[in-house]
Amino acid sequence: MVGLGKYEKLPVKEILLEENAELSALTAEILNRVKGSSVKVRRIKEDREGRRVKGLDSKTSLYLTPFPGALLKPCPGTKAYICCGYQILHLGTNCPMDCAYCILQAYFDRPRPTVFTNIWERLREVAQILDAQPARVFRLGTGEFMDSLALDPLVGWSRTLMPFVSSRKNTILEFKTKTDRIEGLLSSDSRDRIVVSWSLNSPDIVASEERGTSGLRKRLESARRCQEEGFVVGFHLDPIIRHEDWRDQYARTIEMLDKFVRPDRIIWISMGCLRYVPQLKSIIRKRHPKSGVVDGEFIRGLDGKMRYFRPLRAEMYAHLAGTLGEWSKDLGLYLCMESHEVWLESLGWSPMDSAGLSAYLDERVAKLFG
Ligand code: SF4
């Protein structure tokens, strides 16, 4: 049995096991790992008919259920903005942390972390898709609808997914996190085609708006450790939030980057200003009454999401790109879901469209992994 180790300190107190999840290999692995620990296991009937089941609204209860939909799907970008062509490997939803701005609060009616239990049985469906197009570069990520590593010591995604991806020359897998839960990565022999990336923000935003996450120093110490162990790393300055002293605040984050990591083993750094679906505002006011993220003025973008005014976004991107550029000129900087015009105003060049951005990121893959 693999012990939980440091995982005991994470805030999952119980496992809610849906009856249909019982038979899967992943469920057996997870239950084996919590055996003898303080984590309680409760068997429940599925809640799809809307019945309220105690614990299902809690961040400390992990819900295990099979997933009937597609495991691999394109990131839900929008034609109105330039998107990166990322593919989501859909392994679960939510996470045990609680960022005030988390868009998942509006996407899913319950905040509980959920892990899909039938993924190992269905990985061959993903393999068929990847292997059918050997000339295409698949950039996969698991961090769109959950944190990729927060539950990895318990679930063990990395142990199976890393060799699965490393053996395929047309695929990379990005683990995106706000934690220091890298023990599963480090215990694997696979390094090729694996990107470990951290979402970063200013020290004040991390402290006030990212409840339950690892601090900046811990994230960057983990990044340094991963680089030392031969991993390629990435970073996401997202969501960039206009707050008091934001220039100095983000400069401090970039100074820490410089202190902890080597720029030549960074595959990319994305930047994205805060954006949210309109219904998220009232959820934030209710769930995070002290949060300041939705204070100020926003406009509705072409995709229906609320954003800062275009000149403010361009100003922030240009400022951060300038500061990062003093550190290194070769960071694979890109903007997440912005227009051609904002690219030009902020970075002085544009990939023109989503195909152009995909090609640019594919080149970064070729440069770092060959
Ligand atoms: S870490 Fe990501 S998934 Fe988890 S609460 Fe924060 S934004 Fe949401």
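Bear in mind the structure is a predicted one, so any value in this text is a computation, not a measurement.

Chemist: Tell me what's going on with the overall build of the protein chain, and back it up with residues and numbers.
Modeler: Of the regular secondary structure elements, the protein chain holds 13 helices and 17 strands. In terms of overall dimensions, the protein chain is globule-like: its C-alpha atoms have a radius of gyration of 20 Å, near the 21 Å expected for 370 residues. If you line up the protein chain on its principal axes, its C-alpha atoms span 55 × 45 × 40 Å. When the 370 residues of the protein chain are sorted by exposure, 59% land in the buried category. By sequence separation, contacts in the protein chain at least 24 residues apart represent 77% of the contacts at least 6 residues apart. Entry remark: accessible area of the protein chain is about 15,800 Å², with carbon and sulfur atoms responsible for 52%. Once the 56 positive and 48 negative side-chain charges of the protein chain are each reduced to a mean point, those two points are 4 Å apart.

Chemist: Can you break down the packing of aromatic side chains residue by residue, with the values?
Modeler: If you walk through the whole model with that rule in mind, you get eight aromatic pairs. On the numbers, 5.2 Å between centres and 75 degrees between planes, the contact of tyrosine 276 with phenylalanine 298 is edge-to-face. Highlighted residues: tyrosine 276 in the loop between β14 (266-273) and α10 (280-287) and phenylalanine 298 in the loop between α10 and β15 (299-300), separated in sequence by 22 residues. The burial state of tyrosine 276 is the same as that of phenylalanine 298; both residues are buried. Ring geometry for phenylalanine 298 against tyrosine 308: centres 4.9 Å apart, planes inclined by 25 degrees, an arrangement best described as stacked. Of the two residues, phenylalanine 298 sits in the loop between α10 and β15 while tyrosine 308 sits in the loop between β16 (306-307) and α11 (310-327), which places them 10 residues apart along the sequence. Looking at tyrosine 308, the relative accessible area reads 5%, which means it is buried.

Chemist: Which residues make up the site of the ligand, and what values do they have?
Modeler: Neighbouring residues of the ligand: Cys95, Met97, Asp98, Cys99, Cys102, Leu104 and Lys178. A majority-of-atoms criterion places the ligand in the largest pocket. In terms of residue class, the shell around the ligand is made up of five nonpolar, no polar and two charged.

Chemist: Please set out the layout of surface pockets residue by residue, giving values where relevant.
Modeler: Each pocket or cavity is described by its volume, and for the largest pocket that value is around 1,200 Å³. Around the largest pocket, the lining is made up of 50 residues, and of these Ile103, Gly143, Glu144, Lys176 and Arg275 lie nearest the centre. Those elements giving two or more residues to the lining of the largest pocket turn out to be β7 (98-99), α2 (104-107), β10 (171-177), β13 (232-240), β14, β17 (333-335) and α13 (354-369). Residue composition of the lining of the largest pocket, grouped by class: 27 nonpolar, 10 polar and 13 charged.

Chemist: Give a description of the side chain of threonine 117 that names residues and reports values.
Modeler: Mapped onto the fold, threonine 117 is located in the loop between β8 (114-116) and α3 (119-132). Leaving out residues up to four positions away in the same chain, threonine 117 has contacts with Ala21, Ser24, Leu26, Thr27, Leu64, Thr65 and Pro66.

Chemist: How would you sum up the environment of histidine 319? Please name residues and give values.
Modeler: With respect to the secondary-structure elements, histidine 319 resides in helix α11. Through-space distance from the C-alpha of histidine 319 to that of serine 346 is 8.1 Å; in sequence the pair is 27 residues apart. In contact with histidine 319, other than residues within four places in its own chain, are Trp246 and Arg247.

Chemist: Describe the packing of helix α1 (residues 25-34) against α3, naming the residues involved and giving the relevant values.
Modeler: Packing of α1 against α3 leaves a shortest axis separation of 7 Å and a crossing angle of 135 degrees. Taken together, α1 and α3 sit at an angle that is classed as oblique. Along the contact surface, α1 presents Ala25, Leu26 and Glu29, while α3 presents Ile119, Trp120 and Glu121. Looking at side-chain class alone, the contact of α1 with α3 contains four nonpolar, no polar and two charged residues.

Conventions and cut-offs
Residues numbered from 1 in each chain as written. Predicted model: local features only at pLDDT ≥ 70, side-chain atom pairs only at ≥ 80, totals over all residues. Heavy atoms only, no water. Helix = DSSP H or I, 4+ residues; strand = E, 2+ residues; numbered from the N terminus. Rg over C-alpha atoms; globule rule 2.2 N^0.38 Å. Buried < 20%, exposed > 50% of the residue type's maximum accessible area, 1.4 Å probe, protein only. Contact = heavy atoms within 4.5 Å. Areas by Shrake-Rupley, 256 points an atom, 1.4 Å probe, with all protein chains shown as cover. Lys, Arg positive; Asp, Glu negative; His and termini not counted. Charge placed at Lys NZ, Arg CZ, Asp CG, Glu CD. Phe/Tyr/Trp six-rings, centres within 6.5 Å; stacked < 30°, edge-to-face > 60°. Near = heavy atom within 4 Å. 1 Å grid on protein atoms, 1.4 Å probe; cavity = no way out; pocket = protein on both sides within 12 Å on 5 of 7 lines; lining within 4 Å. Sits in = over half its atoms within 2 Å of the grid points. Nonpolar A, V, L, I, M, F, W, Y, C, P; charged D, E, K, R; others polar. Points joined across faces, edges and corners; volume = space filled by probe spheres on them. Axes fitted to C-alpha atoms, helices over the stretch in contact; angles between N-to-C directions. Parallel < 35°, antiparallel > 145°, perpendicular 65-115°, else oblique.

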